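Coordinate inspection notes
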Amino acid sequence: MNPVREMLLPDERVVAFVGAGGKTSLIYSLARQLSGWGQRVLVTTTTKMMPPARNFMLLTPGSRTPHYKHLTVGRALDPETGKLLGVGPDEIPGLRERFRADYVLVEADGAAGRPIKAPEAHEPVIPECSDLVVGVIGLDALGKPADATTVHRLEAFLRVTGLSEGELIGPKALAALAAHQEGLFKGAPESARRVAFHNKADLGEVAGRVFGSARQGWFLSLA
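Below, the structure is looked at part by part. (Residues numbered from 1 in each chain as written. Predicted model: local features only at pLDDT ≥ 70, side-chain atom pairs only at ≥ 80, totals over all residues. Heavy atoms only, no water.)

**Some details on unusual backbone geometry**
Residues other than glycine predominantly adopt negative phi, and peptide bonds predominantly adopt the trans conformation. Our working definition: In this text, helices come from DSSP runs of H or I with a minimum length of four residues, and strands from runs of E with a minimum of two, each type numbered from the N-terminal end.
The omega torsion across Glu 123 and Pro 124 is -20 degrees, close enough to zero to call that bond cis. Here Pro 124 shows up in the loop between β10 (116–117) and β11 (132–138). Although it is not a glycine, Arg 100 sits at a positive phi angle of roughly 50 degrees. Mapped onto the fold, Arg 100 is located in the loop between α2 (92–99) and β9 (103–107). Phi is positive for Lys 200, which is not a glycine, with a value near 70 degrees. Position of Lys 200 relative to the elements: it lies in the loop between β13 (193–199) and β14 (210–213).

Written out as C-alpha cells, the structure reads:
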C-alpha cells in the first residue's frame, strides 16, 4: 500500500477531482499527507463542497492571506445547504500565486452523495491549468442496480455505460464510464494526466487499475 500523495508526479501541482464516491474525503486525505510532508496546500472548489470544521476562509474583498499549511477557500457559504461556494476555473492560477501554494486541490464536480455518476452537459468544471485529473468512483456501487438511489445523473450514466435502468452495475460499466469521452473525464485538459481512483477498496470488492481508500489514505496501482 502507498500513501495517496504518491499518486502525484513531481510536477503535478494543480489537481482536479471529479466523479463521485468520496471526492472530498480523498482531497482532504491528500491535503493532510502533503501538508504533513511540509507542503502548503490550498483546497477549493469550482462548484460547491462541504467546508471543513476549521482552516477555511472566505475570499471577501480585502481579506488577508493568512499563514497556513492546509487551507480551504471559497467565495461564500450557501445559506440553505451550508456548502462552500467556489471560484471560477480561471481564478485558480491567481489563487495559487496569491497564497503561494505548493499544491492546489480542486473539487470540480458534484455528486449529491451518490457513489457513482456521469456528468451532464454543464459538468464538470475542470480548470484548464490542471496537471492531474482524478476521477473518483465509489466501489460501493458495484452490484447495485443502476437507479437514482445509486447513480447521480442517471440518464447520462445509462447513456455512457450502455446499461439499462435497474441493471446491476459491474466492472465493465465502471470501465466504460472512465473510457467514454462524455464520461468520467469529460472536459479534462488534453495536457492533464488522468487517474481513475476506485475508492472504498477497504470495504469490499476491488475493481480498476488504481484503487484504494480515501478514508484510510492509501492506494494501490496495477498499472
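**A word on the pairing of strand β3 (residues 41–45)**
Rules: Only protein chains enter the accessibility calculation, which uses a 1.4 Å probe. A residue is then buried if its area is under 20% of the maximum for its type, exposed if over 50%, and partly exposed in between. A pair of strands is treated as paired once DSSP finds two or more bridges between them.
With five of its five residues buried, β3 lies for the most part within the structure. Of the two faces of β3, the one carrying Val 41, Val 43 and Thr 45 and the one carrying Leu 42 and Thr 44 are both buried. Relative to strand β6 (residues 70–74), β3 is paired through three bridges, and the arrangement is parallel. Residue pairing in the sheet places Leu 42 in a bridge with Leu 71 of β6.

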